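Results of the structural survey
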Amino acid sequence: MKKKHLVFYDAQCPFCYHVKLVLRKLDWFNKVDWVSVQEVDEAPVEYPYLQYRDIYDEIHMLTSSGSLKEGYYAIRKLLSSLPLTVPISLLLYIPFADRVGSPLYKWFSRHRYQWFGQYNEPRYA
């Protein structure tokens, strides 16, 4: 059985939750599994590589090869893993794109609750 990417998302963030729903539909080859950061909080020993990381502040991804990506770099890797989003991901690999993309991602992530609200309970569907 081929190993999958693991993407850790905030299940109490409406934006994050809906992006996950869309990207799951685009995962035609079933390359990605999604785990909420709330689940990580409940069983931290199962995810030792996430210890001492700001998992609520930035999306994290454990790639199928075992590399841990966060924020902009996780989004870039995730988009490059899905057939329909590969063209978008190519723009994120342009040299120095991360110099703009990474701070922009962090700024957006800091304001997501302000703009989209927050669910009282995590949503896992």
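Residues numbered from 1 in each chain as written. Predicted model: local features only at pLDDT ≥ 70, side-chain atom pairs only at ≥ 80, totals over all residues. Heavy atoms only, no water.

Per an unreviewed UniProt entry, the protein chain carries the name DUF393 domain-containing protein and comes from Pontibacillus chungwhensis.

1. Comments concerning the overall build of the protein chain
The condition is simple: Note on conventions: DSSP H or I runs of at least 4 residues are helices, E runs of at least 2 residues are strands, and numbering of each starts at the N terminus. The quantity called the radius of gyration is restricted to C-alpha atoms. Its globule counterpart is 2.2 Å times the number of residues to the power 0.38. Remark: exposure states derive from per-residue accessible area (1.4 Å probe, protein chains only) relative to the maximum for the residue type, with buried under 20%, exposed over 50%, and partly exposed in between. Any pair of residues with heavy atoms lying within 4.5 Å of one another is described as a contacting pair. We treat Lys and Arg as the positive residues and Asp and Glu as the negative residues; His and chain ends play no part in the count. A single reference atom marks each charge: NZ on Lys, CZ on Arg, CG on Asp, CD on Glu.
Of the regular secondary structure elements, the protein chain holds five helices and four strands. Secondary structure elements of the protein chain occur, N-terminal to C-terminal, as β-α-β-α-β-β-α-α-α. For the protein chain, the C-alpha radius of gyration of 14 Å lies close to 14 Å, the compact-globule estimate for 125 residues. Dimensions along the principal axes, computed over C-alpha positions, put the protein chain at roughly 40 × 35 × 30 Å. Sorting the 125 residues of the protein chain into buried and exposed places 39% on the buried side. A separation threshold of at least 6 residues defines the contact pool for the protein chain, and within that pool the share at least 24 residues apart is 67%. The positive charge centre, built from 16 side chains, and the negative charge centre, built from 13, are 9 Å apart in the protein chain.

2. As for the nonpolar core
Keep this limit in mind: For the purposes of this section, nonpolar cores are sets of buried Ala, Val, Leu, Ile, Met, Phe, Trp, Tyr and Cys residues that join through side-chain atoms within 4.5 Å.
Formed by 15 residues in total, the largest nonpolar core has its most connected members in Val7, Leu23, Val32, Trp34 and Leu78. Of all the elements in the fold, those that place two or more residues in this core are β1 (5-9), α1 (14-26), β2 (32-36) and α3 (72-80). It is α3 that provides the largest number of residues to this core, a total of four residues. The contact partners of Val7, leaving out residues within four places of it in the chain, are Val32, Asp33, Trp34, Val35, Ile59, His60, Met61 and Leu78. Formed by nine residues, the second largest nonpolar core is a distinct cluster that contains Leu6, Val35, Leu50 and Ile55.

3. Some details on the environment of Asp98
Following the sequence through the fold, Asp98 ends up in helix α5 (residues 97-116). By relative accessible area, Asp98 is classed as partly exposed at 25%. Between the C-alpha atom of Asp98 and that of Tyr73, which follows or precedes it by 25 residues, the distance is 8.0 Å. With residues up to four places along the chain from it excluded, the contact list for Asp98 reads Tyr72, Tyr73 and Pro103.

4. Examining α5
The condition that has to hold: By definition, a residue's bend is the angle between the axes fitted to the seven residues ending there and the seven starting there.
Of all bends in α5, the biggest is about 40°, found at Arg110. Considered for burial, the residues of α5 that qualify are Gly101, Ser102, Tyr105, Ser109, His111 and Arg112. Of the surrounding elements, those touching the buried residues of α5 are α1 and α3. Phi for Gly117, located one or two positions after α5, is positive at around 80°.

5. Some points on the pattern of salt bridges
Put simply, the rule reads: Each salt bridge in this description consists of a side-chain nitrogen of Lys or Arg and a carboxyl oxygen of Asp or Glu lying within 4 Å of one another.
Tallying each qualifying case throughout the model produces three salt bridges. In this structure, Asp33 and Lys4 form a salt bridge, with 3.3 Å as the shortest nitrogen-oxygen distance. Taken together, the residues span a long stretch of sequence, with Asp33 in strand β2 and Lys4 in the segment before β1 at a distance of 29 residues. Across the pair Arg53 and Glu70 runs a salt bridge whose closest N-O atoms are separated by 2.4 Å. With Arg53 in the loop between α2 (37-42) and β3 (60-62) and Glu70 in strand β4 (residues 68-70), the pair connects residues that are 17 residues apart, well separated along the chain. The partly exposed category is assigned to Glu70, whose relative accessible area is 29%.

6. Considerations on a nonpolar patch on the surface
The test is simple: Patches here are clusters of residues that have more than 30% relative accessible area and form no salt bridge, with a 9 Å joining cutoff for like charges and a 5 Å cutoff for nonpolar side chains (Val, Leu, Ile, Met, Phe, Trp, Tyr). A 1.4 Å probe and the Shrake-Rupley method give the accessible areas. Residues count as covered only by the protein chains that appear here.
Taken together, Phe15, Val19, Val100, Leu104, Trp107, Trp115 and Phe116 make up a surface patch of nonpolar side chains, about 650 Å² in accessible area. If you list the elements that add at least two residues to the nonpolar patch, you get α1 and α5. Within the secondary structure layout, Phe116 lies in helix α5. Taking relative accessible area as the criterion, Phe116 reaches 38% and is therefore assigned partly exposed.

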